[in-house]
Amino acid sequence: MSSQMCKSASRAIRSLLSASKNSRFCSAGGRAVAAAAAAVSVDSKLPLLASVYTNGGSANAFRGWLPGVFALPVAAYMVQEQEAHAAAQNERTFIAIKPDGVQRGLVAEIISRLERKGFKLVAIKITVPSKEFAQKHYHDLKDRPFFNGLCQFLSSGPVVAMVWEGEGVIKYGRKLIGATNPQASEPGTIRGDLAVVVGRNIIHGSDGPETAKDEINLWFKPQELVNYKSNEEKWIYGVN
């Protein structure tokens, strides 16, 4: 269902639900119900609405299509859910495997965990950041006593910088990574399974939408980000 069609169907449904509070809906609502059914039922996933309006739309026929009216809120929810999915699908986050993760040979393990979840890799490179670059990355921690050590460690060896895309990837990516302190991380998370101490917690992930945007822009040029449709998306999201 196209975005425009979703919006049109949603407006029609809202109008119907409002009109149902008016007694004149019984005599005039039949044609409106049929229109909504046509608008929504273009998508074969919503066949229930196709039988909403079954005769001339007279007041006596109200009982004939009343069950269909009750189905309208369900259809409205489905329309809104599809629109929300389309908007959320393009969310991106920055994730980096730190020098300790690279040196320990954990790159493939970490990437596979994110891929198995269903997230899509849209940018990747290996680089040794300078200390000045590390200071830009950790600029929000510049007043912390461990700031210099943190920057020195990030610039001490190769880092695998990545951008991942998916619905809820920022929030859930952080869950997959685990708590900053590996000993406080749940088993099953990357840090919970693969790290021991906070100073060597192997991975970094953006903690919010604004941070993700800033970090992606810091580590990658726009042309380094790839836009493509994965063949697996219809099996992950159910969108054909």
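Refer to the preceding data block for the structure.
As the structure is a computational prediction, the values presented were derived from the model and not from experiment.

Parameters at a glance
- Residues numbered from 1 in each chain as written.
- Predicted model: local features only at pLDDT ≥ 70, side-chain atom pairs only at ≥ 80, totals over all residues.
- Heavy atoms only, no water.
- Helix = DSSP H or I, 4+ residues; strand = E, 2+ residues; numbered from the N terminus.
- Buried < 20%, exposed > 50% of the residue type's maximum accessible area, 1.4 Å probe, protein only.
- Contact = heavy atoms within 4.5 Å.
- Pairing = 2+ DSSP bridges.
- Axes fitted to C-alpha atoms, helices over the stretch in contact; angles between N-to-C directions.
- 1 Å grid on protein atoms, 1.4 Å probe; cavity = no way out; pocket = protein on both sides within 12 Å on 5 of 7 lines; lining within 4 Å.
- Points joined across faces, edges and corners; volume = space filled by probe spheres on them.
- Nonpolar A, V, L, I, M, F, W, Y, C, P; charged D, E, K, R; others polar.

Remarks on the environment of Ala 179
Then, in step 1: Considering the arrangement of structural elements, one finds Ala 179 in the loop between α8 (169-177) and α9 (190-194).
Then, in step 2: Among the residues examined, Ala 179 registers a relative accessible area of 32% and is labelled partly exposed.
Then, in step 3: Distance from Ala 179 to Gly 192, taken between C-alpha atoms, is 7.9 Å for residues 13 residues apart in sequence.
Then, in step 4: Excluding its chain neighbours within four sequence positions, the residues that come into contact with Ala 179 are Ala 184, Ser 185 and Arg 191.

Some details on the sheet that holds strand β2 (residues 120-127)
Then, in step 1: Strand order in the open sheet made by the 4 strands is β2-β3-β1-β4, with antiparallel pairing throughout. Edge positions in the sheet fall to β2 and β4 (203-205), since each of these pairs with one other strand and no more. Taking each pair of neighbouring strands and ignoring which way they run, the sheet shows an average axis angle of 15 degrees.
Then, in step 2: Contacts from helix α5 (residues 107-117) reach β1 (92-97), β2, β3 (159-165) and β4 within the one sheet, and its direction differs from that of β3 by about 5 degrees.
Then, in step 3: Across the sheet, helix α10 (residues 209-219) touches β1, β2, β3 and β4, and the angle it forms with β1 is around 60 degrees.

A closer look at the layout of surface pockets
Then, in step 1: As a volume, the largest pocket reaches approximately 600 Å³.
Then, in step 2: Considering the residues around the largest pocket, the lining is formed by 26 residues, among which Tyr 138, Asp 140, Leu 141, Leu 150 and His 204 are closest to the centre.
Then, in step 3: Per element, the largest residue contribution to the lining of the largest pocket is 5 residues, and it comes from α10.
Then, in step 4: Residues of the lining of the largest pocket, tallied by class, amount to 7 nonpolar, 8 polar and 11 charged.

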